[in-house]
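Coordinate analysis (summary)
Spelled out, the chains give:
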Amino acid sequence: MAELLRITPKDNVAVALSGLNAGTAVTLEDNRLTLATDVPAGHKVALVDIPKGSNVIKYGFPIGYAKEDITKGSHIHVHNLHTLLSGELEYEFRPTFPTVEATEPSTFMGYPRHDGKAGVRNELWILPTVGCVNDIAKALEKEAQSLVGGGVENVYAFPHPYGCSQMGDDQDNTRQILADLATHPNVGGVLVLGLGCENSGVSYIEERMGDYDKARVRFLVCQQVEDEFAEAMKLLTELAEHMRGEVRVPCPASKLVIGLKCGGSDGFSGITANPVIGGFSDLLVAQGGTTILTEVPEMFGAETILMDRCETEEMFAKTVSLINDFKRYFEEHHQTIYENPSPGNKAGGISTLEDKALGCTQKSGFAPVKDVLAYGEKVRTAGLNLLSAPGNDLVAATALASSGAQIVLFSTGRGTPFACPVPTVKIASNSRLAGFKHGWIDFNAGELLDGKTLPELSQALMDFVLATASGQKVCSEKHGFHDLAIFKTGVTL
């Protein structure tokens, strides 16, 4: 096995494929160097002398500048590398993107919906409009397990702490996310459960639901009935009976909307898992399907790659706004825009936000950007979409689900057990993690370093997604994990 990997010929660093000790002599592409220090797996090694102030290049792009003279063979990380990121920037429209070739159409077994979409699950959901009724929702979830069977695949409640004491855009976000989820294609039936005195009561949620299928939705205001539990169970039973006879039928892969997310990354995420997801994205887009890339702060430093793939100048302008508006959000809260890599990311070898971003954007493949979505906005255009949401795992994954993603692909180098409201596929960046946390990990992209090819693994991931869409449960579903997290952006009254 090779000891170092240089990602592109432009790079002046390489990634250690395993932990290397100081004094180890390594040859990479006729370049012989001796390691000046220990270098953990996934971390960077200088391939040449890099003078103080010079750019450090990885993925073919700068990921920061040297804070001091860095000698050939030295470990490069947060101690000697500094971000190049700053505030809002001006950009130039330079469209360049390859054609994504069409492939043989695929199908999955799903649930057609009245609006032309298709669900990959047929679940009964309980959506509280406010945190005050969370405990009722959780008790109902437990009691309503008796309704599972036939066409009712699961019963889930989604407690959250919001829905009251909010104002402006912050309140609108809560209302929109709940309305989006109430009309999600994975929902066979939903009970929207309100208290009655909250800011975001059931009437406000219903207003935002549009032309929804009324046979699949019930509303209950707890303050308006004597026994809210008995009344709720009656409504859930009605919904379950409506769902009971529904069965899966063949649906084209063009009906799939797949969210793309990463978290707990390491130095291999941008080399294995994210490129494999990118290859999958291109395969799905070529079949008329849709993928959604989010985590806007983790685009900082790699945003021009996405901008150059915008099909139109209008889409380019929307992408510029997506980036600069999020930078403004940071600045308005008196925060630096480059403080992103978590302790886990840094331990895994990611040193700067550019380093993270250039690996993160690999998930988008090479397809052109077809649309840019505001937070809470539903997908309306097939192909690659960009979505405004933060990098936080639970918040971003929920945002993907609310925009219409029936499945979220989540790459990770360190592992995580969480799940959002839809099946959340965990994709390991390295084989050690895949073996060690087999109860969390669904797919091992680390095999890319073990001899498998990128096209081979991307197709394998496509097959896995089609199987998941057809009802195969992922690890988090087997454990019964499901979470909802709404983006909190304003004051609390």
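For clarity, every value in this text was computed on a predicted model and none was experimentally measured.

So, how was this worked out
- Residues numbered from 1 in each chain as written.
- Predicted model: local features only at pLDDT ≥ 70, side-chain atom pairs only at ≥ 80, totals over all residues.
- Heavy atoms only, no water.
- Salt bridge = Lys/Arg side-chain N within 4 Å of Asp/Glu carboxyl O.
- Helix = DSSP H or I, 4+ residues; strand = E, 2+ residues; numbered from the N terminus.
- Buried < 20%, exposed > 50% of the residue type's maximum accessible area, 1.4 Å probe, protein only.
- Lys, Arg positive; Asp, Glu negative; His and termini not counted.
- Polar contact = N/O pair within 3.5 Å; in protein donor to acceptor, adjacent residues only side chain to side chain.
- Contact = heavy atoms within 4.5 Å.
- Expected span 1.5 Å × (residues − 1).
- Arc of directions from axis to C-beta.

The next subject is the pattern of salt bridges. Taken as a whole and judged by the stated rule, the model has 23 salt bridges. For the salt bridge of E246 with R216, the shortest nitrogen-to-oxygen distance reads 2.6 Å. With a gap of 30 residues between them, E246 in the loop between α4 (228-243) and β16 (249-252) and R216 in the loop between α3 (202-207) and β15 (217-221) connect regions that are remote in the sequence. Judged by its relative accessible area of 18%, E246 falls in the buried class. Residue K356 is joined to E298 by a salt bridge in which the shortest nitrogen-to-oxygen separation is 2.7 Å. Here E298 lies in the loop between β18 (290-293) and α6 (303-307) and K356 lies in helix α9 (residues 353-360), a separation of 58 residues in the sequence. E298 matches K356 in its accessibility class, with the two residues each being buried. Connected via shared salt-bridge partners are K261, E295, K363 and D393.

If you trace the backbone, D11 turns up in the loop between β1 (4-5) and β2 (13-16). Summary of buried charges: D11 has no salt-bridge partner, and the nearest side chain of opposite charge, R6, is 6.2 Å away. In terms of polar contacts, D11 uses its side chain to reach the side chain of T8, at 2.7 Å. Among the polar contacts listed, one links the side chain of D11 to the backbone nitrogen of Y59, at a separation of 3.2 Å. Beyond its immediate stretch of four places on either side in the chain, D11 contacts R6, L47, I57, K58, Y59 and G60.

Taking 1.5 Å per residue as the helical rise, helix α5 (residues 273-286) with its 14 residues ought to reach 20 Å, and the 20 Å between its terminal C-alpha atoms agrees with that figure. Most of α5 is tucked away, with 14 of its 14 residues classed as buried. Count one or two residues on from α5 and you reach G288, which has phi positive near 90°.

This next bit is on α4. Between its terminal C-alpha atoms α4 stretches 23 Å, which fits the 22 Å expected from 16 residues at 1.5 Å a residue. For α4, the complete set of buried residues consists of A232, M233, L235, L236, L239, A240 and M243. Take α4 and look down its axis: the buried residues cluster within an arc of 165°, on one side only. The elements touched by buried residues of α4 are β12 (123-128), α1 (134-143), β14 (187-194) and β15. In this structure D227 caps α4, since a side-chain oxygen of it lies 3.2 Å from the backbone nitrogen of F229.

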